[in-house]
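As a plain string of letters, each chain reads:
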Amino acid sequence: VFCSLSAWPQQQNLLIYCGITLVKPVTELVRIFETREDVKFQVAQGGSEDLYQSAKKSRLGDLYLPGEPSYREKHLAEGLLGDFKLVGYNQMAIVVQKGNPKHVKGELNELLRKDLTILIGNAESGSVGQETKAMLETSAMYPKVVEKAAALMPDSRAINNAMKRGEADAALNWRATSFFPENATHLEAVDLDPKIAKPQALLLIQLTFSKNPLLARKFIDFVASDEGQAVFRKHGFLGNTGTR
């Protein structure tokens, strides 16, 4: 429950736009930070592109953490994305049902198996779809996989929820999500070659229209610290040194 703006001075509120895959570590880090600073956080979660467009339209908020670095490159010229720090790495995997009953191997061409029902992310809404498109286009497989997919899902959470409902045998998704407690008893990750599933930098970016730039910067430094990095690794991500 977040206090109303009337109950707190404006400078004591921070809004972070957080890619859906990153909500768990960010929520934990936000709670720790709130106990140390006179601040209340609001976490807006969703697909990385959708979040950026929301921030652009509202001109409200302080921080943006997309699921991969291409969002910074794509939108940097618009002038809304300021200083940032590397706070970890996201990595793709093939996510399957627990126990891997269909014996899916860690190879992209497995997605074209006739006996597998597959799901992928929508490249227009979130980081998982964008990275799926980039990865499969490198392997000249994207049109075939899109045609075969049972559905294009908006974000990593939607993919995992559909998998848990038994709607597919395999999906391309961010590896860390298969370690989340609500998923780990149902799903597991089949790792891909890192040359194919390249670790994607997680950049915690300060928004240039932030009304609380000093406090926002302090949070960025906290997330990039050893303490913050331990939280990211706990939730299945690679830390900013590239280690699990």
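Anyway, here's the lowdown on the structure attached to this text. (Residues numbered from 1 in each chain as written. Predicted model: local features only at pLDDT ≥ 70, side-chain atom pairs only at ≥ 80, totals over all residues. Heavy atoms only, no water.)

1. Section: the packing of aromatic side chains
Each aromatic ring pair is characterised by the separation of its centres together with the angle its planes make. Applying the stated criterion across every chain, the model contains eight aromatic pairs. Plain terms: the ring middles of Phe33 and Phe219 are 5.1 Å apart, the flat faces sit at 75 degrees to each other, and that makes the pair edge-to-face. Of this pair, Phe33 sits in helix H1 (residues 23-36) while Phe219 sits in helix H8 (residues 213-224), placing them 186 residues apart in sequence. Overall, the relative accessible area of 4% leaves Phe33 in the buried class. Over the aromatic face of Phe180 sits the side chain of Lys24, whose NZ or CZ is 5.7 Å from the ring centroid. (Phe/Tyr/Trp six-rings, centres within 6.5 Å; stacked < 30°, edge-to-face > 60°. Helix = DSSP H or I, 4+ residues; strand = E, 2+ residues; numbered from the N terminus. Buried < 20%, exposed > 50% of the residue type's maximum accessible area, 1.4 Å probe, protein only. Lys NZ or Arg CZ within 6 Å of the ring centre and 35° of its normal.)

2. A look at the side chain of Glu68
Along the polypeptide, Glu68 turns up in the loop between strand S3 (63-65) and helix H3 (70-75). No salt bridge is formed by the buried Glu68. Its closest oppositely charged neighbour is Lys74, at 9.2 Å. Within the structure, Glu68 has its side chain in polar contact with the side chain of Ser70 (distance 2.6 Å). (Lys, Arg positive; Asp, Glu negative; His and termini not counted. Salt bridge = Lys/Arg side-chain N within 4 Å of Asp/Glu carboxyl O. Polar contact = N/O pair within 3.5 Å; in protein donor to acceptor, adjacent residues only side chain to side chain.)

3. Concerning the sheet that holds strand S8 (residues 170-174)
Taken together, five strands build an open sheet; the order of strands is S7-S6-S8-S5-S9 and the sheet is mixed. Because the sheet does not close on itself, it has two edges, and the strands there are strand S7 (151-153) and strand S9 (187-191). Across the sheet, the mean angle from the axis of one strand to that of its neighbour is 35 degrees, orientation sign disregarded. With two bridges joining them, strand S6 (residues 118-121) and S8 adopt parallel strand pairing. By the bridge assignment, Ile118 is partnered in S8 with Ala170. Running at roughly 110 degrees to S8, helix H4 (residues 127-138) makes contact with strand S5 (92-97), S6 and S8 of the sheet. The strands touched by helix H6 (residues 156-164) are S5, S6, S7, S8 and S9; relative to S8, the strand with the most contacts, the crossing angle is about 150 degrees. (Pairing = 2+ DSSP bridges. Axes fitted to C-alpha atoms, helices over the stretch in contact; angles between N-to-C directions. Contact = heavy atoms within 4.5 Å.)

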